[in-house]
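# Structural characterization, general
So the chains spell out like this:
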Amino acid sequence: MKLIPETTIPTYLVETQAEANEVLALEIERLVKSQDGSATLGLATGSSPIGLYSELVRLYEAGELSLKEVTSFNLDEYMGLGPDHPASYRSFMSEHLFAETDIRLTETHFPPSDESGLGACAKWEDTIRAAGGIDWQLLGVGRNGHIGFNEPGSPFDSRTRRIELAQSTREANARFFKSIDEVPRYAVTMGVGTILEAQRLRVLAFGDTKTDILARVLRGDNDESIPLNALRLHSDAALYIDAAAASKLL
Ligand code: F6R
């Protein structure tokens, strides 16, 4: 793993995705152990984190990591699917991490994705604050530069709210559904401002669909319409990217 010079946000080039997963899993393990097991993690879904979650499950099965005292907050959830829908983000987390470890489901939180509105979103943010804030937040990045489901144009001080998904996001995520028509049009996402309040931000980005947006953000001007650019404002943010994603930066 090596630091790529002259990027706007610290960025590490990893030799393999497995290397990034091992580095971040170790960071989580150290954090959890340093706080007697009671860390608050911010979690993401999609393809990027799957290998990291497998690594955490491996550490759990090896007896090296327990998530029993961990609290988690996921970045986003689709509206209109319900938690038991196979494509909901709760189902995703259950499949890849929750059901495979000792995390207590009562301590796993998702943004309120029913029709309960703004009041519920503010209350959900209170739950994050009551947990002491997020110690360590995982992020992926959309090919349009979204973080969470904060689509381009989301203000850097935005809070948890309902958002209309960009067509490119619905197309990218159609692979988790039978057809694009089934991909919800709306989701609830932590805001950019909410994300920036986490102590540490760690971004995974792999493959050639991320190359252009990474070149634009990491070498380009500070376009405030691209949510990933908000990470420039954070003092402990880092990206872990593979050679395909980094190809325009090397
Ligand atoms: C998912 C999320 C999204 C994804 C992004 C990248 O919870 O917040 O921002 O991280 O769309 O998705 P993948 O990893 O599937 O390329």
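This section reports on the structure supplied with the text.

Conventions used here
Residues numbered from 1 in each chain as written. Predicted model: local features only at pLDDT ≥ 70, side-chain atom pairs only at ≥ 80, totals over all residues. Heavy atoms only, no water. Helix = DSSP H or I, 4+ residues; strand = E, 2+ residues; numbered from the N terminus. Polar contact = N/O pair within 3.5 Å; in protein donor to acceptor, adjacent residues only side chain to side chain. Contact = heavy atoms within 4.5 Å. Buried < 20%, exposed > 50% of the residue type's maximum accessible area, 1.4 Å probe, protein only. Core = buried A, V, L, I, M, F, W, Y, C linked by side-chain atoms within 4.5 Å. Near = heavy atom within 4 Å. Nonpolar A, V, L, I, M, F, W, Y, C, P; charged D, E, K, R; others polar. Phe/Tyr/Trp six-rings, centres within 6.5 Å; stacked < 30°, edge-to-face > 60°. Lys NZ or Arg CZ within 6 Å of the ring centre and 35° of its normal.

We now examine the side chain of Thr160. Here Thr160 is to be found in the loop between strand 7 (136–139) and strand 8 (161–164). Engagement of the side chain of Thr160 in a polar contact is seen with the side chain of Glu125, the distance being 2.6 Å. Each residue touching Thr160, except ones within four places of it in the same chain, is listed here: Pro111, Cys121, Trp124, Glu125, Val188, Thr189, Met190, Gly191 and Thr194.

Before going further, it helps to examine unusual backbone geometry. At Glu6, a residue that is not glycine, the phi angle is positive and equals roughly 60°. The topology assignment puts Glu6 in the loop between strand 1 (2–3) and strand 2 (11–13). The exposed category is assigned to Glu6, whose relative accessible area is 73%. Even without a glycine there, the phi angle at Asp36 is positive, about 50°. One can find Asp36 in the loop between helix 1 (17–34) and strand 3 (40–43). With relative accessibility at 73%, the residue Asp36 sits in the exposed group.

Here we come to helix 3 (residues 89–96). Listing the buried residues of helix 3 in full gives Tyr89, Ser91, Phe92, Met93 and His96. The elements touched by buried residues of helix 3 are strand 3, helix 2 (50–61), strand 4 (71–74), strand 5 (76–78) and helix 5 (167–173).

Our next topic: the nonpolar core. Of all hydrophobic cores here, the largest spans 76 residues; its most connected members are Leu97, Leu214, Leu231 and Ile241. Dropping the residues within four chain positions of it, Leu214 is found in contact with Val141, Ala205, Arg219, Leu228, Leu239, Ile241, Ala245 and Leu249.

What follows deals with the site of the ligand. What surrounds the ligand is a group of 14 residues, the closest being Ser48, Asp76, His146, Gly148 and Lys210. The contact in question runs from an oxygen atom of the ligand to an N or O atom on the backbone of Gly140, over 3.4 Å. The class makeup of the residues in the shell around the ligand is three nonpolar, eight polar and three charged.

Moving on to the packing of aromatic side chains. Summed over the entire model, instances satisfying the criterion amount to seven aromatic pairs. Centroid distance Tyr12 to Tyr240: 5.2 Å. Interplanar angle 20°. Geometry classified as stacked. With Tyr12 in strand 2 and Tyr240 in strand 11 (residues 237–241), this pair connects stretches of sequence that are 228 residues apart. Given the relative accessible area of 4%, Tyr240 is considered buried. A ring pair is formed by Phe73 and Trp124, whose centres lie 5.7 Å apart and whose planes are at 80°; its orientation type is edge-to-face. On the criterion of sequence distance, the pair formed by Phe73 in strand 4 and Trp124 in helix 4 (residues 118–130) is long-range, its members being 51 residues apart. Feature note: the residues Tyr78, Tyr89, Phe149 and Phe177 constitute an aromatic cluster, connected by ring pairs. Sitting above the plane of the Tyr186 ring, Arg162 keeps its charged end 4.0 Å from the centroid.

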